[in-house]
Amino acid sequence: MKKVKQIRVSKPFDLLSEELVFIILDLISPNSSDLKSFSLTCKWFYQLESKHRRSLKPLRSDYLPRILTRYRNTTDLDLTFCPRVTDYALSVVGCLCGPTLHSLDLSRSGSFSAAGLLRLAVKCVNLVEIDLSNATEMRDADAAVVAEARSLERLKLGRCKMLTDMGIGCIAVGCKKLNMVSLKWCVGVGDLGVGLLAVKCKDIRTLDLSYLPITGKCLHDILKLQHLEELLLEGCFGVDDDSLKSLRHDCKSLKKLDASSCQNLTHKGLTSLLSGAACLQRLDLAHCSSVISLDFASSLKKVSALQSIGLDGCSVTPDGLKAIGTLCNSLKEVSLSKCVSVTDEGLSSLVMKLKDLRKLDITCCRKLSGVSITQIANSCPLLVSLKMESCSLVSREAFWLIGQKCRLLEELDLTDNEIDDEGLKSISSCLSLSSLKLGICLNITDKGLSYIGMGCSNLRELDLYRSVGITDVGISTIAQGCIHLETINISYCQDITDKSLVSLSKCSLLQTFESRGCPNITSQGLAAIAVRCKRLAKVDLKKCPSINDSGLLALAHFSQNLKQINVSDTAVTEVGLLSLANIGCLQNIAVVISSGLSPSGVAAALLGCGGLRKAKLHASLRSLLPLSLIHHLEARGCAFLWKDNTLQVLFKW
């Protein structure tokens, strides 16, 4: 028999084409550690990874020259981890990215001026999106510079409170391609500036005017925009019935309207606002002052194709809800959170008409009983989200129906309810369930949780806050059956020990771990999670007295994605706290009470964590830390929250 000649390849990677490597990079791109490992495999992979990457989110602006020199094809640059971005940094971005850059996020950055923005606008001629939200010192002169970016299509200026109509007018004249503008909380902008924007920028599709001192006057121009799809007017107190009385429009493109917290808007003004919006799909009227009665519901006649309505915090009547169900029977989403006047009669008359309902929020509707839940289960088999926190009158038996009738549920919030193990057994039939909140559910035990572990393998989020009947046995079944778990809260479940943490370490996708008030967990269990859960981003260890430096040392070594940590009331000393400086992306830290810390140790730790954005400390430290240090950290972008607990604080000094 003739032997087949074997071809030996000395460099197996040479068989891979560039296109094939790019496909591989697309698949592993969600995990930054995987990308890093891949690029370090060989020089060729290093070069290809640099060529492939389009989006960057650097930890510090100091790194920009080196990073942007390597990644020359960057189109999207997110600088939200960089609290201090100087004009020099923006010059570097402009010079190294140039026309390649399409999107820039500066929403959590400061220290730049009009000079830096000008260099950016001149060099990055293809910039289509920029987020300047929270630039509280930004003035009209800076806005005039932004107007030089002629290609801009999406602009966010939320909380730029120094801007006036003049600055917005400059942007309107210079950036005529804008299709999305957010001016939320730009309290210096009024009807004139908004009107200019509507007249000059004809392609606007999304406009956020929330909390602006505007009236219905500028809405005449806004609703003439032929492509307008989303209009947000949350908290616009000047938009009232009188200013809308003469409003006539035919804005058939409008699909979403947010008029929540418009305290001076009644059904009369709303009727004018909705008169020409025949294609409206989403309407938010949360916290409005009017009673949602039969008269109010009549204003919805012109928007019969409505798919989503938000009435959170409103006073509603049974007749009003019944009329909404009759007039808008195509509704798929209804939110009645904190509508304390909702009754079984009103809700039942609503949901029985909504056979296609997908999302329902009845949080804190405390008058509802099992009658409502029965009607929901029988009328809405297509539900994917049900939020019913603190519906305390609902009997245990009613929860069984949810699992039997609403098998498509993906999100279920049963916080502070009377559900028991039999109810959980029924809910385990919801095979698509990804988020389950069972906080303060005092009737559930490990037995009920085991049903969830065996039936809901797609679970991503589990909240067991103060569900005191849960022990290590229940957590073990969850860890075995729900390997895709990303978030878990076991705070104040006092029977939980390290066994639970060792079990949870098998959930390699875990990102958020909250174990506040669990006295029996130690650093040994924390280390197990740190070693195996590489994506860990948020950890709350407050009031865990057995957590000490060894646990934090493990986090510092293995959890390089950690962004937020709370170690108040633990046995952590300055040794453990200092080790956190090894985590480059750490942003928030809370150390309110600790007997093992000295002011000098806290100061050294704060100084070492270069990317820190927020530090929660006890008020007594304010006078003990050097004032120059506090000013230095604030200039670097760190905000301090000083807590003054009434309990005696034990700091070592």
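Data block above holds the structure.
First, a word on scope: everything that follows refers to the structure included in this document. Please read all numbers here as calculations on a predicted model, not as lab measurements.

## Section: the side chain of Thr363
Of note, Thr363 is situated in the loop between strand S15 (359–361) and helix H16 (370–379). Apart from the residues lying within four places of it in its own chain, the contact partners of Thr363 are Leu336, Ser337, Lys338, Lys387, Met388 and Glu389.

## Regarding the packing of aromatic side chains
What the rule picks out here adds up to 5 aromatic pairs. Ring centres of Trp185 and Tyr211 lie 4.3 Å apart, and the angle between their planes is 5°; on these two criteria the pair is classed as stacked. With Trp185 in the loop between strand S6 (180–182) and helix H9 (191–200) and Tyr211 in the loop between strand S7 (206–208) and helix H10 (219–222), the pair connects residues that are 26 residues apart, well separated along the chain. Aromatic side chains Phe640 and Trp642 sit 5.2 Å apart centroid to centroid with 5° between the ring planes, which places their arrangement in the stacked category. There is no split in this pair, since Phe640 and Trp642 are both buried. A connected cluster of aromatic rings, assembled from ring pairs, spans Phe38, Trp44 and Phe45. Arg466 extends its terminal NZ or CZ atom over the ring of Tyr492, reaching a point 3.9 Å from the ring centre.

## What to know about the pattern of salt bridges
Counting across every chain of the model gives 13 salt bridges. With its nearest N and O atoms 2.9 Å apart, the salt bridge here joins Asp540 to Arg516. Here Asp540, found in strand S22 (residues 538–540), pairs with Arg516, found in the loop between strand S21 (512–514) and helix H22 (523–532); they are 24 residues apart in sequence, far enough to count as distant.

## Focus on unusual backbone geometry
Phi is mostly negative for residues that are not glycine, and the peptide bonds are mostly trans. Backbone geometry at Arg159 places phi at a positive 65°, although glycine is not the residue there. With respect to the helices and strands, the residue Arg159 is situated in the loop between strand S5 (154–156) and helix H8 (165–174). Among the residues examined, Arg159 registers a relative accessible area of 35% and is labelled partly exposed. The phi torsion at Lys338 lies on the positive side, around 60°, for a residue other than glycine. Within the secondary structure, Lys338 is located in the loop between strand S14 (333–335) and helix H15 (344–351). Judged by relative accessible area, Lys338 falls into the exposed class, the value being 51%.

## Here's the deal with the packing of helix H1 (residues 18–28) against helix H3 (residues 43–52)
At a minimum axis distance of 10 Å, the contact between H1 and H3 shows a crossing angle of 70°. For the element pair H1 / H3, the angle class is roughly perpendicular. With respect to the hand of their crossing, H1 and H3 are arranged in right-handed fashion. Between H1 and H3, the contacting residues are Glu18, Val21, Phe22, Leu25 and Asp26 on the first element and Trp44, Phe45, Leu48, Glu49, Lys51 and His52 on the second. Taken together, the residues of the contact of H1 with H3 sort by class into 6 nonpolar, 1 polar and 4 charged.

Calculation notes
Residues numbered from 1 in each chain as written. Predicted model: local features only at pLDDT ≥ 70, side-chain atom pairs only at ≥ 80, totals over all residues. Heavy atoms only, no water. Helix = DSSP H or I, 4+ residues; strand = E, 2+ residues; numbered from the N terminus. Contact = heavy atoms within 4.5 Å. Phe/Tyr/Trp six-rings, centres within 6.5 Å; stacked < 30°, edge-to-face > 60°. Buried < 20%, exposed > 50% of the residue type's maximum accessible area, 1.4 Å probe, protein only. Lys NZ or Arg CZ within 6 Å of the ring centre and 35° of its normal. Salt bridge = Lys/Arg side-chain N within 4 Å of Asp/Glu carboxyl O. Axes fitted to C-alpha atoms, helices over the stretch in contact; angles between N-to-C directions. Parallel < 35°, antiparallel > 145°, perpendicular 65-115°, else oblique. Left-handed = near helix turned anticlockwise from the far one by under 90°. Nonpolar A, V, L, I, M, F, W, Y, C, P; charged D, E, K, R; others polar.

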